[in-house]
Amino acid sequence: MKKRKVLKIILPVLAVVLVAAGLYIAFGVVGVEEKRTYPVSEAVESNKNTGETVIDEAVTYQTMNGFGASACWWSQEVGTWENCEQVLSYLYGDENGIGLNIYRYNLGAGTKGDNSIELENRKTECFLQPDGTYDFSADAGAQNALAAAKKLAGDDLRVTLFCNSAPASLTKNGKGYCDPVTDTEAPYVTNLAEENYDAFADYCYTCADYFLGQGYRVTDVSPINEPQYAWRPTANADGSYMMNQEGCYYSKTEATKLLSAMVSRFSGSAVEEKGCKVSMFESGSAEGQGSASAAYLDCLLGKGPKYVFNNKTLRDYFDTVSTHSYWSSTETKQEAAAYLQEKYSNYDVVCTEYCQMTNDENSGVFDLIQNEPNGTNGMSIAYGVAMAGVILDDLTILNAKEWDWWLGCSYGVYPDGLVYINADNHNDIQTSKRLWCLGNFSKFIEEGAVRLACSSGVEGLESVAFRNTDNSLVLVYVNESTESKTTALPFAAETGFSVYTTDSTHDLANTVVCAPGNDTGVTVPAQSVVTVVIDRA
């Protein structure tokens, strides 16, 4: 009798356990899929202080989308200038520019006329009108700038449509940013009510459909920018306030619900059939376990009992994690890479925004910035080389398959631009060393290029290597030191190679053309970025 009673208890419990296990597997709650691991090249790892570059083509990593910049805050004006194409040529042209192939178009919230936004060029027009109709004649200048970029870059130009905020007509307060507060310690509150998630998704879909119809290759729509930040001004005692830009906070659960609405709208649609997908939220920083970024990712993609029914669709839809490179040291990125490898190794990484923020101690130029009491645009080679170091970290530590700078063009005094323009004199165009250092990557590493295991064999000389689809090899060296460094290229003896240099006196200049059978070494000047192209087509 006792055995029967025990069996009556054990069998139902066992059945529950089996059903639960089945649900866990069926809904992807436990990690039943294999982790993606990147191989290690023994030849590259052992190449220490040999003075010779080693490439292991059998060991490959990410496949590139390419390199780009944001058209936010400047294109709406530059697009009305008589020399618009000349300005854009520095960014998207091959002849006298750096050949970017990604254009980040800002879908504005419609804050034009909002006197509480400090700078006029940070106020935007919106295609969605307050009465619910669409006016695609709006934002004409920005559309003209995009057309100029496509003319220069060609039909394969990748376009991302991104939002800093939902349209003001959909937000709680009718503005493109969250409510002002007097207490900076007050809890963050979103500016978009859940009942408008579907309307925001419809807006993003309609905009993507419009630009696709205009002949643009729209690959991504990114509705959530840096959701972990408050995006609210601090009010003065009299209630007045000033806001820096559009933006919207979302809690991790709100971000997940909004992206669910976006995915539902885009999945199986005509827009998706044309190659356009919703991007995951863009984190303000690359961070590891225990960070705000990780908390958002776990809520969106996580596996566990509370996510069992919620996240399966999102895990299946998304294939890429988006992050910005602010506030992240090499160590922080290593922590982020370890976290992603442990939990989300099958997702690619894209780094979609970066500039040299004046209060970012990880920028590599923080000390230089602090010595500029009146601010700086950071035009010198030190700023360019520091940026190149960030790019190289993102490519090699995070395996980023895309890297985008923040403002393609900028006004005023701040190290956030590649090209500096003057609204009062359209012919006053100044190029920063950052522009040309980015060009050492963007002009030669093509969409579809595969990263290869590589090391320079020289201490302090960082390197990265890619194989383009035409089988040409591209090596980029970054030398942040004050001394030149030389590395041998024995594998280039049969083909020869070309060298492109950006340093204090050269702007992506073709400094060496080495014929087959000649000297196969390359010298990388102090404080420089050097690209070696080996044509094996």
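Residues numbered from 1 in each chain as written. Predicted model: local features only at pLDDT ≥ 70, side-chain atom pairs only at ≥ 80, totals over all residues. Heavy atoms only, no water.

(A) Broad picture of the overall build of the protein chain. Secondary structure assignment for the protein chain yields 14 helices and 20 strands. For the protein chain, the C-alpha radius of gyration of 25 Å lies close to 24 Å, the compact-globule estimate for 537 residues. By its C-alpha atoms, the protein chain is 90 × 70 × 45 Å across when sized along the principal axes. Considering only intrachain contacts with a sequence separation of at least 6, the fraction spanning at least 24 residues in the protein chain is 73%. Carbon together with sulfur atoms contributes 49% to the accessible area of the protein chain, which is approximately 22500 Å² in total. Treating the 38 positive side-chain charges of the protein chain as one cloud and the 69 negative ones as another, the clouds have centres 14 Å apart. (Helix = DSSP H or I, 4+ residues; strand = E, 2+ residues; numbered from the N terminus. Rg over C-alpha atoms; globule rule 2.2 N^0.38 Å. Contact = heavy atoms within 4.5 Å. Areas by Shrake-Rupley, 256 points an atom, 1.4 Å probe, with all protein chains shown as cover. Lys, Arg positive; Asp, Glu negative; His and termini not counted. Charge placed at Lys NZ, Arg CZ, Asp CG, Glu CD.)

(B) Structural detail: helix α9 (residues 292-301). Where burial is concerned, most of α9 is hidden: 8 out of the 10 residues are buried. Every buried residue of α9 is accounted for by Ser 293, Ala 294, Tyr 296, Leu 297, Asp 298, Cys 299, Leu 300 and Leu 301. (Buried < 20%, exposed > 50% of the residue type's maximum accessible area, 1.4 Å probe, protein only.)

(C) Highlighting the sheet that holds strand β1 (residues 54-63). Read from one edge to the other, the open sheet built from 7 strands follows the order β1-β13-β14-β15-β20-β17-β18, with strand pairing classed as antiparallel. With one partner strand each, in any of the chains shown, β1 and β18 (509-514) form the two edges of the open sheet. In this sheet, adjacent strand axes meet at a mean angle of 25° when their direction is disregarded. Judged from the 5 bridges that link them, β1 and strand β13 (residues 450-455) form a sheet pairing that is antiparallel. Paired with Thr 60 across the strands is Leu 452, a residue of β13. Of the strands in this sheet, β1, β13, β14 (461-467), β15 (473-479), β17 (497-502) and β20 (528-534) touch helix α13 (residues 381-396), which is tilted by about 125° from β15. (Pairing = 2+ DSSP bridges. Axes fitted to C-alpha atoms, helices over the stretch in contact; angles between N-to-C directions.)

(D) The pattern of salt bridges, seen in detail. Scanning the model with the defined rule gives 17 salt bridges in all. In this structure, Arg 467 and Glu 57 form a salt bridge, with 3.0 Å as the shortest nitrogen-oxygen distance. One end of the pair, Arg 467, is in strand β14; the other, Glu 57, is in strand β1, with 410 residues separating them in the sequence. The class of Arg 467 is partly exposed, set by a relative accessible area of 21%. For Glu 57, a relative accessible area of 29% gives the class partly exposed. Among the salt bridges present, the one from Lys 151 reaches Glu 85, with a minimum N-O distance of 3.1 Å. One end of the pair, Lys 151, is in helix α5 (residues 140-153); the other, Glu 85, is in helix α4 (residues 84-92), with 66 residues separating them in the sequence. Given the relative accessible area of 60%, Lys 151 is considered exposed. A single salt-bridge network, built from bridges that share partners, covers Arg 36, Asp 348 and Lys 401. (Salt bridge = Lys/Arg side-chain N within 4 Å of Asp/Glu carboxyl O.)

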